[in-house]
Amino acid sequence: MNQRNNHRLILFPLPFQGHINPMLQLGRILYARGFSITVLHTNFRAPDPSSHPHFAFRSIADGLDQSEASMSDIPGLISLLNARCASPFEECLQEMMSLQGGEEVPVACLISDSLFGFTCGVAERLKVRALMLRTSGAASLYVYTIYPVLKEKGYVPTHGSRSEEAVKEFPPLLVGDIPAIDSKEPEVMSRLLDDLIKAIKNSCGVILNTFEELEHPDLTSLREVLSVPFFPIGPSHKCCMTSSSSSLLAEDRSCISWLDEQPLKSVIYVSFGSLAAMSEAEILEIALGLAESEQPFLWVVRPGSVHNPEWLEKLPSRFLEALEGRGKIVKWAPQVEVLAHPAVGAFWTHNGWNSTVESISEGVPMLCMPCFADQGVNARYVSDVWRVGVHLNGGLERENIARAIKRVLVDREGEDIRQRALVLKEKAIVCLGQGGSSYQALDALVSHILSCE
Ligand code: UDP
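Residues numbered from 1 in each chain as written. Predicted model: local features only at pLDDT ≥ 70, side-chain atom pairs only at ≥ 80, totals over all residues. Heavy atoms only, no water.

1. Some points on the sheet that holds strand S2 (residues 36-42)
In space, the seven strands of this open sheet follow the order S3-S2-S1-S4-S5-S6-S7, with parallel pairing throughout. Each edge of the open sheet carries a strand with a single partner, namely strand S3 (56-60) and strand S7 (230-232). Across the sheet, the mean angle from the axis of one strand to that of its neighbour is 25 degrees, orientation sign disregarded. Here strand S1 (residues 8-12) runs beside strand S4 (residues 107-113); their pairing, made up of five bridges, is parallel. Counted as the bridge partner of Phe12 is Ser112 from S4. (Pairing = 2+ DSSP bridges. Helix = DSSP H or I, 4+ residues; strand = E, 2+ residues; numbered from the N terminus. Axes fitted to C-alpha atoms, helices over the stretch in contact; angles between N-to-C directions.)

This is the structure:
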């Protein structure tokens, strides 16, 4: 749609792949509804403007040096970004506001990542309405709202020996599913969570990449507890059909032609997202489990996700034989396209929220191996609430891996899981169609933004 509505939206994504993707998808959705889009971004992990020719881009000088930019302590890095971006962000927004009235399309609203807590204060000072994009699901956000209670009960900050204990206050969660405070400085993480909830409460509304049929009870709880409008418009990657990618790494498309050669629903796709890292021993066990499963596999091994870059050479010959045809390794895949490929039968995932939603929308059952943050909650919902996947029980051990892959992909005992995944996929499709829940939420979001004047 090329008809513009003379309203500009400023988007400010957190510079992580799992946050950039849903923000740029949202931009494409709202562009299609007539809004002009400006993306403010950090210099650190800047998106590629050439993939989004209809958007304007402006960079914020985050001032991160090389060692800061390679920090593995994610909460620490987010906290640093908040501190460093506050002034340059305010200056940039102020400048954009001062240009209004001339040639510039007037700013209707700011939509920032909810982990950029400072933006609400800036927006208030500059008299711009602020919406938040929360890039996780409703359930994990709700867990964060009851974090003080969970802390009081002693479930967090450490899981320890209580990992397998049920959380009475939040079935079917187990203590080990609760996002742990895994920062080097626990108070940093606590402050981030406090700021997140405060920012959401002070915002004009929250956009979520989920859908009512998937998370209705948790959306209802959030609406009650946080008293702001929620707009579950997902699965957002399905409503902006475009080939443009917001990947920060180059996608290896050779895996698509490899998938074309594989039998229908035979392949286990393995990827643990953009942040999770593995030890050499873990990677070797995954490789041996994949070999032992005797199923075709497509495995993403991201640069930097393994501590020893020479790990491939250390693999035994039977694994390398599997690579002669039955297996393929890439550094980064066009994941959405992979999951939609008819040869893919299951997804071994860390259950980042984007990966979880992408898998659900293609009806691909999951083998869950959550690593940190909201992933434990997402994985518990996959296995125990929606029942479209299984946890990798018994640890990262080759026999367990092979057994779990066969269960989710081919064995009779996984048939119900595969069926339920297809039913859930249908729900995801229906919600996006005219009159569906996400369609209506998007209409409501557009009206909400336009009523801001
Ligand atoms: N992704 C991709 N290619 C890959 C692996 C991941 O395009 O090889 C994308 C995936 O489709 C998803 C995002 O990267 O949109 C990862 O986000 P997620 O929330 O799943 O996990 P995170 O990286 O934040 O842990």
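There is more to say after this.
2. Points about the pairing of strand S9 (residues 297-300)
By the alternation rule, side chains of S9 split into Phe297 and Trp299 and Leu298 and Val300, which are all buried. Examined bridge by bridge, strand S8 (residues 267-271) and S9 share three bridges and lie parallel to one another. Paired with Ile268 across the bridge in S9 is Phe297. Taken together, S8, helix H10 (residues 280-293) and S9 constitute a β-α-β crossover, and its handedness is right-handed. Relative to strand S10 (residues 327-330), S9 runs parallel, the two sharing four bridges. Its bridge partner lying in S10, Trp299 is registered against Ile329. Following the backbone out of S9, through helix H11 (residues 317-322) and into the adjacent parallel S10, one traces a crossover that is right-handed. (Buried < 20%, exposed > 50% of the residue type's maximum accessible area, 1.4 Å probe, protein only. Right-handed = clockwise from strand over helix to strand, strands pointing away.)

3. Here we look at the packing of aromatic side chains
All told, the structure shown has 13 aromatic pairs when counted by the stated rule. Judged by centre distance (5.7 Å) and plane angle (55 degrees), the ring pair of Tyr142 and Phe170 falls under tilted. Residue Tyr142 is found in helix H5 (residues 138-145), and its partner Phe170 is found in the loop between helix H6 (147-152) and helix H7 (186-202); the two are separated by 28 residues along the sequence. Summarising the burial analysis for this pair, Tyr142 and Phe170 share the class buried. One aromatic cluster is present, formed by Phe12, Phe89, Phe116 and Phe118 through successive ring pairs. Cation over ring: Arg4 sits above Tyr31, and NZ or CZ is 3.8 Å from the ring centre. When the ring centre of Tyr439 is taken as origin, the NZ or CZ atom of Arg33, which lies over that ring, is 5.9 Å away. (Phe/Tyr/Trp six-rings, centres within 6.5 Å; stacked < 30°, edge-to-face > 60°. Lys NZ or Arg CZ within 6 Å of the ring centre and 35° of its normal.)

4. Some remarks on the sheet that holds S8
The strand order across the open sheet built from six strands is S10-S9-S8-S11-S12-S13, with neighbouring strands paired in parallel fashion. Of all the strands in the sheet, just S10 and strand S13 (389-391) have a single pairing partner and so form its edges. For this sheet the average axis-to-axis angle between neighbouring strands, irrespective of direction, equals 15 degrees. Relative to strand S12 (residues 366-368), strand S11 (residues 344-349) is paired through three bridges, and the arrangement is parallel. Its bridge partner lying in S12, Trp348 is registered against Leu367. In this fold H10 packs onto S8, S9 and S11, with an angle of close to 165 degrees to the strand it touches most, S9. The strands that helix H14 (residues 375-385) touches are S12 and S13; relative to S13, the one it contacts most, it runs at about 120 degrees. (Contact = heavy atoms within 4.5 Å.)

5. Let's talk about the site of the ligand
The local shell around the ligand holds 19 residues, among which Ser274, Ala333, Asn354, Ser355 and Glu358 are the closest. Ala333 places a main-chain nitrogen or oxygen 2.6 Å from a nitrogen atom of the ligand. A distance of 2.9 Å separates an oxygen atom of the ligand from a polar atom in the side chain of His350. Among the elements of the structure, helix H1 (17-32), S8 and helix H13 (353-361) are those that each provide at least two residues to the shell around the ligand. Ranked by the residues each element gives to the shell around the ligand, the list is headed by H13, at four residues. (Near = heavy atom within 4 Å. Polar contact = N/O pair within 3.5 Å; in protein donor to acceptor, adjacent residues only side chain to side chain.)

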